[in-house]
Amino acid sequence: MATVARAPRPRWRRPSSFVLVVALALLIYYMLFFTAPFIAALVIGFLNWDLLSTVVPVGFDNYVAMADDRTFKNALKVSAIFVGAYVPIALSAQLILGAILANMRTLPQKVYLTLFFLPVVTPWLIAVLMFGYLFNTQAGLPGMLNDIFSALGIDTSFVNPLGSKDTALLGIMGMTGWKFLGFGALIFLVGINEIPLTLYEAARIDGAGAVRQFRHITWPLIRPIMLALSITSFIGALQIFDPFFVMTRGGPGDATNVFSLYLYRQAFDQFRFGYASAMAMVMFLILLILSVSQLAIARTRWEY
Amino acid sequence: MGLLGTRSAASAPTVATSSLSTFRSRLRRDVAAWALVIVFLPVSVAAALPFIWMYLSSFKTPTEIHSLTITWFPSEFYLEGYEYALEHFALVRGYANSVFVSGIGVLASVVTSAMAGFLFAKKQFWGKNLLFIFILSTLMVPFFAIFIPSYVVYAVFLNIKDTYMALILPHVFTAFGILITRQFLHSVPNELIDSATVDGAGDWRVFWYIILPLSRSVLAAIAILQFLGSFNEFLWPLVMVDNQNLYTLPLVMRKVTAAQGPHPSRMLAASVLGLTPIVIFFLIFQRHIVRGIALTGVKG
C-alpha cells in the first residue's frame, strides 16, 4: 500500500441532523430486525420453548436430538439432492439461454426475454395452481404426451410426477427451473453484453469459431457472475418453501419433506420453537460453509 | 442506453472492405441470427405452455376438462369458473391488501434507500464503514435463520400480529436498495452537492431537492423489484396473518388451491384473475425490471 497524497482529513465536525437521524434509524432497525433475532435464534436453539409455557434451558439437547431424528436426516438428504441437482443444472441452462439471447437481434431478444421472464414474476402460489393442473395425469401434460405417443404408435403411460415418491422431487425441480430460468439468463445476458466486442472481433480474425469464442472469451469473463449467481442460488434453493408446502405437502411419504418445510412444521405445527431454531442455525451454518467454500475455490482457481 | 443491445447489432465493420464481401458476411450473420430465433421457438413455446394451458382451460366446461381426449381450445366460452371465482374467493380484497402493503413498503424503502445511499456515498461520520459493513452483512443472513425469532419479535414483543404493520415493517429498509443507491450516488460529482451547501442548503434540503430527483431512475428500478418481491411473499404473511380480511393475494390463492374439487375451471379462473394484473404490470414496467436486475445482478 503506497501512501498516495490524500486530501487532509476534515476536522471533526458535529454531524448534521440528517446524518444523525438516518444513521441512528439504520442502526436501530437492523439491530432490532436482524441482529437481535439472529442472536435470539442462537439462544432459543438451547431452549425448550413453545411460546406459552415456561422456558426450559436444555443445552445442546436440540442439536443432539437432530442426530437421532430420522425425519430430520431425511429432510437433510432430500434438500441435499434437490439443491445439489438443481443448482448446477439450472445455472448451466441459464448460461446457455443467456448466451443464445446475447446473439439475437434486439427485437427477438426482447420478445424471448419477456416470455422467459413471465415465470419469474408469477407468484409461486399461482405457479403452483398452474402446474397442479398441468401435471394432472388425465387432463394435463402427461395425458397430452400419452396421446402424442399413441398417435405415433408407441404406448406410454406418463402420469402426474407429483404422485410418485420417485418423481415428486423431480417435478418440483422442473417447476423451480422453469420459474428462475429467465432470471439467471438475464443476468448472464447483461454480463455477456458488457464484454468488449473488440475481443470477439480479434478472435474472429484469428479464426476462432463460436464455441471457441465462448470457451476462451465469454466463459472466463463471465465466471465472477457465475460465482455470485451460484452462491445466491444455493442460498435461495435451500430456502424454497412455497411449492413444497402447498403442492406436495412434503409427500408422497416424506419424499419432498425438505429442510425448510420440516423446520416450519416443527415450529408452527409442533410448537417446538427451540428445536426449530437449532435447525435454523444448522441451515445457516450449511449455507455459510457453502458460500465461503465457493469463494475459496474461486480464489485459488481463478486468480493467478 | 445500450445496456441490452445485441452483440451483432453494434458490430459494424470498422475497416472499409469491399462492399460485396461485407454484404455477404452480413447476410450470413443475419441468416444465422434469424435461424437461431426460429430454432429457439419451440423452447420458448414450452416455457409459455403452462400459461397458455391455464388461460385456455379456464374457459372449458367441467366435462371438457375431464374428457379423455384432450382438447386445446375450449369448445364454448364457459364463464362459470370466473363467476364462481369472483364470488367465492376474496380475490379483490386480496389484491387490495397486497397492493396496499407492498405499495407502502415500496414507498418507504425507496425513500430510506435514497437517504442511506446519500449518507454512505457523500457523508462523513464516525463509524460509517462499520455501519455499512454491518448492513451489508445482513444480506448474507438467510431468512430462515431469523425467521422464528422474528415471529416472536412481531407477535410477542411488538404485538402487531394480524396488522398491516407486520407485513410492511420488514420492507421499510432494504440493504440491497441502499447498496445500489450508494453505488449510484458515488458517481455523482461532489460539486453538485457542494454548490448547494455553499448556498446554505442543509442536508435535508440537499436530499430532497438534489439527491432524490437525481436518483429517480435507480429508485424506480428498486421500487419495482421490491414491489414484486413483497407482492409475491408467502411465508411471512402465512405466519403473521390469521384474520382473513388481511389476507394478501398469495394467501387467498392458497385457499383457492385448498378448494380443489371437481371444478378445475374455477381454480384456473381464479389463477387467471390473480395473474393477469401482474402480467400487465410486468409488461408496462418491464424496462425498469430488466434494468433493476441488471444493476443488482451484475454489480451487486
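Residues numbered from 1 in each chain as written. Chains lettered and ligands numbered in written order. Predicted model: local features only at pLDDT ≥ 70, side-chain atom pairs only at ≥ 80, totals over all residues.

### Notes on the overall build of chain B
Line of reasoning, step 1. What chain B contains, in helices and strands, is 15 helices and zero strands.
Line of reasoning, step 2. Here chain B holds 300 residues, and 38% of them are scored as buried.
Line of reasoning, step 3. Here the analysis covers contacts within chain B between residues at least 6 apart in sequence; of these, 79% occur between residues at least 24 apart. (Helix = DSSP H or I, 4+ residues; strand = E, 2+ residues; numbered from the N terminus. Buried ≥ 20, exposed ≤ 12 C-beta atoms within 10 Å, placed from the backbone. Contact = placed C-beta atoms within 7 Å.)

### Notes on the overall build of chain A
Line of reasoning, step 1. Tallying secondary structure elements over chain A gives twelve helices and two strands in all.
Line of reasoning, step 2. In chain A, the order of α-helices and β-strands from amino to carboxyl end is α-β-β-α-α-α-α-α-α-α-α-α-α-α.
Line of reasoning, step 3. Radius of gyration (C-alpha) of chain A: 25 Å, far over the 19 Å computed for a compact globule of 304 residues.
Line of reasoning, step 4. Each principal axis of the C-alpha atoms in chain A carries an extent, and together these give about 70 × 65 × 40 Å.
Line of reasoning, step 5. Counting all 304 residues of chain A, 39% fall into the buried class.
Line of reasoning, step 6. Considering only contacts in chain A between residues 6 or more positions apart, those separated by 24 or more positions represent 70%. (Rg over C-alpha atoms; globule rule 2.2 N^0.38 Å.)

### Concerning the nonpolar core
Line of reasoning, step 1. Judged by nonpolar contacts, the single largest core of 156 residues is most densely connected at A:Leu129, A:Leu186, A:Leu263, A:Ala280 and B:Ile148.
Line of reasoning, step 2. Looking at this core, the element that brings in the most residues is helix H7 (residues 168–193) of chain A, giving 16 residues.
Line of reasoning, step 3. In contact with B:Ile148, other than residues within four places in its own chain, are A:Ala41, A:Ile44, A:Ala267, A:Phe273, A:Ala276, A:Ser277 and A:Ala280. (Core = buried A, V, L, I, M, F, W, Y, C linked by C-beta atoms within 7 Å.)

### Regarding the domain arrangement of chain B
Line of reasoning, step 1. Considered domain by domain, chain B is made up of domain 1 (20–50) and domain 2 (85–299).
Line of reasoning, step 2. For domain 1 of chain B versus domain 2 of chain B, the separation of C-alpha centres amounts to 38 Å. (Domains from an automatic or database assignment.)

### Details of the interface of chain B and chain A
Line of reasoning, step 1. Facing the 79 residues of chain B at the interface are 74 residues of chain A.
Line of reasoning, step 2. The element best represented in the side of chain B that touches chain A is helix H15 (residues 264–299) of chain B, accounting for 15 residues.
Line of reasoning, step 3. For the side of chain B that touches chain A, the residue count by class is 58 nonpolar, 17 polar and four charged. (Nonpolar A, V, L, I, M, F, W, Y, C, P; charged D, E, K, R; others polar.)

### Things to note about the confidence of the model for chain B
Line of reasoning, step 1. Summarising the model, chain B shows a mean pLDDT of 81, and 87% of its residues fall at 70 or more.
Line of reasoning, step 2. This model gives residues 1–17 of chain B a pLDDT under 50, and the stretch forms 28 contacts once residues within four places in sequence are excluded. (pLDDT = per-residue confidence, 0-100.)

### Describing the environment of B:Ala221
Line of reasoning, step 1. Structurally, the position occupied by B:Ala221 is in helix H12 (residues 216–231).
Line of reasoning, step 2. Along the sequence, B:Ala221 and B:Tyr78 sit 143 residues apart, while their C-alpha atoms lie 40 Å from each other.

### Brief notes about the environment of B:Ile222
Line of reasoning, step 1. Among the secondary structure elements, B:Ile222 is positioned in helix H12.
Line of reasoning, step 2. A residue is classified by how many C-beta atoms lie within 10 Å of it, and B:Ile222, with 29 of them, is buried.

### With respect to the environment of B:Leu56
Residue and element names in this part refer to chain B.
Line of reasoning, step 1. Here Leu56 lies in helix H2 (residues 19–57).
Line of reasoning, step 2. Residue class for Leu56 comes out partly exposed when judged on the 14 C-beta atoms lying within 10 Å of it.
Line of reasoning, step 3. Along the chain, Leu56 and Ser265 lie 209 residues apart, while their C-alpha atoms are 9.8 Å from each other.
Line of reasoning, step 4. In this structure, Leu56 is in contact with Trp72, Phe73 and Pro74, ignoring residues within four places of it in sequence.

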